[in-house]
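# Structural overview for review
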Amino acid sequence: MIKLNNVTKSFMVGTEETPVLMDINLEIAEGSFSAIMGPSGSGKSTLMNVLGCLDQPSSGEYLLNGENVTVLDDIQLAKLRNKYIGFIFQQFHLLPRLTAIKNVELPMVYAGIGKKEREERAHYALERVGLAERVNYLPNSLSGGQKQRVAIARSLVNEPTIILADEPTGALDTKTSADIMELLTGLNKEGTTIAIVTHEPEVAEYTEHTIFVRDGRLVEKL
Ligand SMILES: Nc1ncnc2c1ncn2[C@@H]1O[C@H](COP(=O)(O)OP(=O)(O)OP(=O)(O)O)[C@@H](O)[C@H]1O
């Protein structure tokens, strides 16, 4: 479903081309639950940006559901991203003026889905994350854990091929962090494919296997 073949990514820094990812070969199977770990600056976010179709590799091939992402232009890439990828961030990235349900509806607005279906699907997603009672709350009236649940509901609504979570528990206390990982584990058991960047070994323990990144290379896959 997700396959990177000999992927590299470099950035121009001044006049120098600086390699950040080197020779990445990676397969993420449907229904899997992976952690991506590695030291600061090793290339985890860059890898997530490539996996999430936010950025193109410099060379190599990225296959997502059989489509060769590498040959797409920015508009095609954005369409693919909205269709196939759900994102969860450390700082939730909810729009503060929109209620929980309106935040969850947003990816469906971009996908051109009508109002009634949007509302139904957003309600269902908020129920799945245990927030049926909070649909009309603004983000500021929700706890950190509840905000992350809204963000998880938002990541689910387009039934993505994969959810990419960048430090989803980084802003949460230990108990809330465990609750969020339980929730993600449950969603994975129901069939959602999830990859999560984390610095915390206790978070990685919830996943099935860990991909380690060091100096832009995958060093080990358990
Ligand atoms: N747009 C860019 N231009 C130039 N260099 C970049 C760019 N994006 C990332 N880098 C460099 O690539 C390297 C890897 O960065 P990346 O953010 O992927 O690391 P990371 O493993 O996610 O780190 P952290 O755990 O601290 O978030 C760093 O040295 C960074 O400076």
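Keep in mind that what you see is a predicted model, and the values were worked out from it rather than measured. Within each chain, residues carry numbers counting from 1 in the order of the written sequence. In keeping with the predicted nature of the model, local features appear solely for residues at pLDDT of at least 70, side-chain atom pairs appear and are counted solely at 80 or more, and the whole-chain, interface and lining totals rest on all residues. Values shown for side chains rest on all heavy atoms present in the structure; no hydrogens or waters enter the calculation.

### Side note on the nonpolar core
Burial of nonpolar side chains together is a common tendency in soluble globular proteins. We call a set of buried Ala, Val, Leu, Ile, Met, Phe, Trp, Tyr and Cys residues a nonpolar core when their side-chain atoms join them within 4.5 Å. Exposure classes here rest on a 1.4 Å probe applied to the protein chains alone. A residue is buried below 20% of its type maximum, exposed above 50%, and partly exposed in between. Within the largest apolar cluster, 36 residues are counted, with the highest numbers of intra-cluster contacts made by V104, L126, V129, V150, I152, L184 and I196. Of all the secondary-structure elements, those providing two or more residues to this core are β3 (33-37), α3 (100-110), α4 (115-128), α5 (144-156), β7 (162-166), α6 (174-189), β8 (194-197) and α7 (201-204). Counting 28 residues, the second-largest nonpolar core is a separate cluster that includes L4, L26, A195 and V197. Each helix is a run of H or I in the DSSP string that is no shorter than four residues. Each strand is a run of E no shorter than two, and both are numbered from the N terminus.

### Considering the sheet that holds strand β4 (residues 59-64)
The pairing criterion for strands is at least two bridges between them, as found by DSSP. In space, the 4 strands of this open sheet follow the order β2-β1-β4-β5, with antiparallel pairing throughout. The two strands at the open ends of the sheet, each matched to only one other strand, are β2 (16-28) and β5 (67-68). Pairing between strand β1 (residues 2-13) and β4: 5 bridges, direction antiparallel. Counterpart to I2 in the pairing with β4 is L64.

### Digging into the side chain of N158
One can find N158 in the loop between α5 and β7. Using a relative accessible area of 15% as the deciding quantity, one classes N158 as buried. Polar contacts, as counted here, are pairs of nitrogen or oxygen atoms within 3.5 Å of one another; within protein the pair requires one atom able to donate a hydrogen and one able to accept it, and residues that are adjacent in sequence qualify only if both atoms are side-chain atoms. Looking at N158, its side chain comes within polar contact range of the main-chain oxygen of P107, at 3.3 Å. Filtering out sequence-adjacent residues up to four positions away, N158 remains in contact with N82, K83, P107, M108, A111, I113 and R121. Should any heavy atoms of two residues lie within 4.5 Å, those residues are considered in contact.

### So, the site of the ligand
Residues are counted as near a molecule or strand when any one of their heavy atoms sits within 4 Å of it. The environment of the ligand is formed by F11, V13, V20, P39, S40, G41, S42, G43, K44, S45, T46 and H199. Between K44 and the ligand, the recorded distance is 2.7 Å, taken from a side-chain N or O atom to an oxygen atom. The fraction of the free accessible surface of the ligand (640 Å²) that becomes covered by protein chains is 56%. Here the shell around the ligand takes 3 residues from helix α1 (residues 44-51), the largest share from any one element. Polar here means any residue outside two lists: the nonpolar Ala, Val, Leu, Ile, Met, Phe, Trp, Tyr, Cys and Pro, and the charged Asp, Glu, Lys and Arg; Gly therefore counts as polar. Across the shell around the ligand, the residue classes tally to 4 nonpolar, 7 polar and 1 charged. Surface accessibility in these figures is a Shrake-Rupley result with a 1.4 Å probe; residues are shielded only by whichever protein chains are displayed.

### A word on the layout of surface pockets
In this analysis the probe radius is 1.4 Å and the grid spacing 1 Å, with only protein atoms considered; a cavity is a set of points the probe fits into but cannot get out of, a pocket is an open set with protein on both sides within 12 Å along at least five of seven lines, and lining residues have an atom within 4 Å of a point. Grid points are joined across faces, edges and corners, and a volume is the space filled by probe spheres set on the points. As a volume, the largest pocket reaches approximately 420 Å³. Forming the walls of the largest pocket are 17 residues, and the residues nearest its centre are N82, F87, P107, Y110 and R154. Elements with a minimum of two residues in the lining of the largest pocket: α2 (74-84), β6 (85-89), α3 and α5. Partitioning the lining of the largest pocket into residue classes produces 9 nonpolar, 6 polar and 2 charged. Of the voids in this model, the second largest pocket is the one considered here, and its volume is about 180 Å³. Lining the second largest pocket are R121, Y124, A125, R128, L156, V157, E159, P160 and T192. With 4 residues, α4 is the single largest residue contributor to the lining of the second largest pocket. When grouped by side-chain class, the residues that make up the lining of the second largest pocket number 5 nonpolar, 1 polar and 3 charged.

### What about the confidence of the model for the chain?
Confidence of the predictor at the level of single residues is captured by pLDDT, which takes values from 0 to 100. The predicted model of the chain has a mean per-residue pLDDT of 94, with 99% of residues at 70 or higher. Highest mean pLDDT in the chain belongs to β8 (97); lowest belongs to strand β10 (residues 217-221) (81).

### A look at the packing of aromatic side chains
Aromatic pairs are defined between Phe, Tyr and Trp rings, using the six-membered ring for Trp, whenever the two ring centres lie within 6.5 Å; interplanar angles under 30 degrees are classed as stacked, those over 60 as edge-to-face, and all others as tilted. Applying the stated criterion across every chain, the model contains 1 aromatic pair. Both rings, one in F87 and one in F89, keep their centres 6.0 Å apart while their planes meet at 10°; by these two values the pair is stacked. Looking at F87, the relative accessible area reads 17%, which means it is buried. What makes F89 partly exposed here is its relative accessible area of 26%. One residue, R134, lies across the ring of Y137, its end atom 4.8 Å from the ring centre. Two thresholds decide whether a charge sits over a ring: the Lys NZ or Arg CZ must be within 6 Å of the ring centre and within 35 degrees of the ring normal.

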